[in-house]
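Fold and geometry: a report
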Amino acid sequence: MLQLRDVSFNYDGVIAVRGVTAEVARAQLVGLVGPNGSGKSTLLKLLARVLAPAAGAIEFEGRSVRDWQAKEYARRVGYLPQDPDPTFPMRAIDVVVSGRAPFLGRFQWESDADYDEAAKALSLCDAADLADRYLDEMSGGERKRVFLARVLAARPTLILLDEPLASLDISHVQQFSNLLRDIVNRTQTTVLYATHDLNWAAAYCDRMLVMQKGALALDAPPSALMQPDVVRRLFGFDARVVDGWLVPPVQR
Amino acid sequence: MGTFTLTASPRGRRLAGPMFLLAAALLIALFVASTFGTTAVSWREAFAGNVTARTVMFDLRLPRVLLAALVGAALAAAGVTFQTLLRNPLADPFILGVSGGAACGAALCTALGLARVPGLVSIVAFVGACTATAGVFLLARRREYTDPTRLLLSGLVLNALFSAIILIAFALSKASDLTAALRWMMGTLFGATWSDVVLLLAFVVVALVALVTISGDLRMLAFGEDDAKSRGVDVERVKLIGFAAASIVTGAAVAVSGIVGFVGLLVPHLVRLVWRRDFRILLPLSALGGAILLVLADLASRVALPTSELPVGAFTAILGVPFFLSLLRRSR
């Protein structure tokens, strides 16, 4: 459903993404990993049409991303930035229903059907009880679930998440990872998410994309990445692999 | 919002109820404000054919209360737009140098002894406001992108420069010209004419129509520019239309009334405390709320002392702040 050919981007001459070529199929959970500043967020923004590539081409469902009408594209591709934060705290249900905006005409208001869709998305994220709460009364994990529901409310076929697991406690990391897996399995959606947690990503993803200095350094199933020599080469991390998990050698 | 809410529908998206409520309140405010004043005349006398009553009502009070309503609506609509576009709750209509530019123009008129030429101060103030805003934009814009923080800083710095010019202009002005200039800088609706009303009405209508057209996009912009872009919003276009409409309508309001503080900052927050934080709702309700507040503030400034008028900008704060604080305490 998604094809990248030699995609590059730079901020004021500083190269952020260089020559990325990749292909992503339907119904996949894909982990986007790499050190800080390796270009993960920029790549997601390029796919979300927030930025336009300086060179190369991105195709979504066989059509160049550039050629999609903006709202048409927004109905199919949902994007969650790293720290979404409305200037003024809002109710969760109002946040989620705004995810239906790409379906509304210029002067059109949300219908009851849109609110039903929003409520459904909230329950899917195990956040139905948060509907009438305000964002500033929520914990970081609760807010993450509300914003994921906002993305899901549009029922996109491609979901792009920028570090959805950051700042979550370990039980929420597990809950969130299960949720993403579940969405992919049940709705045939493709989810591409950036994360720093190799272990969790490897445990749940079908595939891992590793970015390094803006380039795609590895595109492989998790088992191929979770090898001591590969992790040392790509991340500078000395680890043993125990039951598929990376464990640092610690001497006390 | 806890237990305190005036939202009619449980899902809170209906606009008609709150708009009707505020429109009715505005009509009452307009009626009350035109009934009271230093001269004791009534609508009944005016309609009965009393010449003095007619003159006071139709030539003095009515244009004045209507102008107050329009200035209040213009400033509150501009305020809520700036707060949304700049993603900053402290933004007010004057934040991008509009007030500084306008005041600078007026002060230069005063220093050159031209302040008594009819209409000249208004025109120069409007030109000053537009020039200042355009300057702020040119300073803040880089590679077809307007950064909100750079806009805020550019506005702040230009306003500081204008203050310096104003001080120098005042130092060079004749003492007899200064009173009028100071009155203008404190904001006043004294001497409002029907042509002021018609002129400002045109600006307010055009600005509101422009803002309503992009209000769905501005609502999405509350979640951040990247988020809005990913939802199909043409962010740079929306910013351009929003800033232009809000700045021009502010410039027009300043030209007819001087610098009336606080309405543009306070009213959007008042509306936010009661109703949903959705720009499509905030815009019309802020405009109505601003109109009500300024009509009442102007009434208070006229009748507080029997002998002279007090600055209307002071009364927007005196009336607005207690109301705001009580709402703040009753909401979450």
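Predicted model only: the values in this text are computed from it and were never measured.

Details of the overall build of chain B
For chain B, the helix and strand inventory stands at 14 helices and two strands. When the backbone C-alpha atoms are referred to their principal axes, chain B occupies close to 60 × 50 × 35 Å. When the 332 residues of chain B are sorted by exposure, 54% land in the buried category. Expressed as a percentage of contacts within chain B between residues at least 6 apart in sequence, the contacts between residues at least 24 apart total 76%.

Describing the sheet that holds strand β1 (residues 2-11) of chain A
All names here are of chain A. In spatial order, the strands read β2-β1-β4-β5; together these four strands make up an open sheet with antiparallel pairing. The two strands at the open ends of the sheet, each matched to only one other strand, are β2 (14-24) and β5 (63-64). Strand contacts of helix α1 (residues 40-47): β1, β2 and β4 (55-60), with the helix running at about 60 degrees to β2, the strand carrying the most contacts.

Quick notes on the pairing of β1 of chain A
All names here are of chain A. The pairing of β1 with β2 spans seven bridges and is antiparallel. Each residue of the ladder has a partner; that of Val7, found in β2, is Val20. Across five bridges, the pairing between β1 and β4 is antiparallel. Bridge assignment links Gln3 to a residue of β4, and that residue is Glu59.

Quick look at the pairing of strand β7 (residues 158-162) of chain A
Regular strands place side chains that alternate from one sheet face to the opposite one. Residues and elements named next belong to chain A. Counting buried positions along β7 yields five of five residues, so the element is predominantly enclosed. Neither face of β7 is exposed, since Leu158, Leu160 and Asp162 on one face and Ile159 and Leu161 on the opposite face are all buried. Where strand β6 (residues 77-80) meets β7, four bridges bridge the pair, whose relative direction is parallel. Within β7, the position partnered with Leu80 by the bridge is Leu161. Bridge analysis of β7 against strand β8 (residues 190-194) gives five bridges, and the strand direction is parallel. Bridge pairing in β8 links Leu161 to Tyr193. At this point the chain moves from β7, through helix α6 (residues 170-187), to the parallel β8, and the crossover so formed is right-handed.

The rules behind each value
Residues numbered from 1 in each chain as written. Chains lettered and ligands numbered in written order. Predicted model: local features only at pLDDT ≥ 70, side-chain atom pairs only at ≥ 80, totals over all residues. Helix = DSSP H or I, 4+ residues; strand = E, 2+ residues; numbered from the N terminus. Buried ≥ 20, exposed ≤ 12 C-beta atoms within 10 Å, placed from the backbone. Contact = placed C-beta atoms within 7 Å. Pairing = 2+ DSSP bridges. Axes fitted to C-alpha atoms, helices over the stretch in contact; angles between N-to-C directions. Right-handed = clockwise from strand over helix to strand, strands pointing away.

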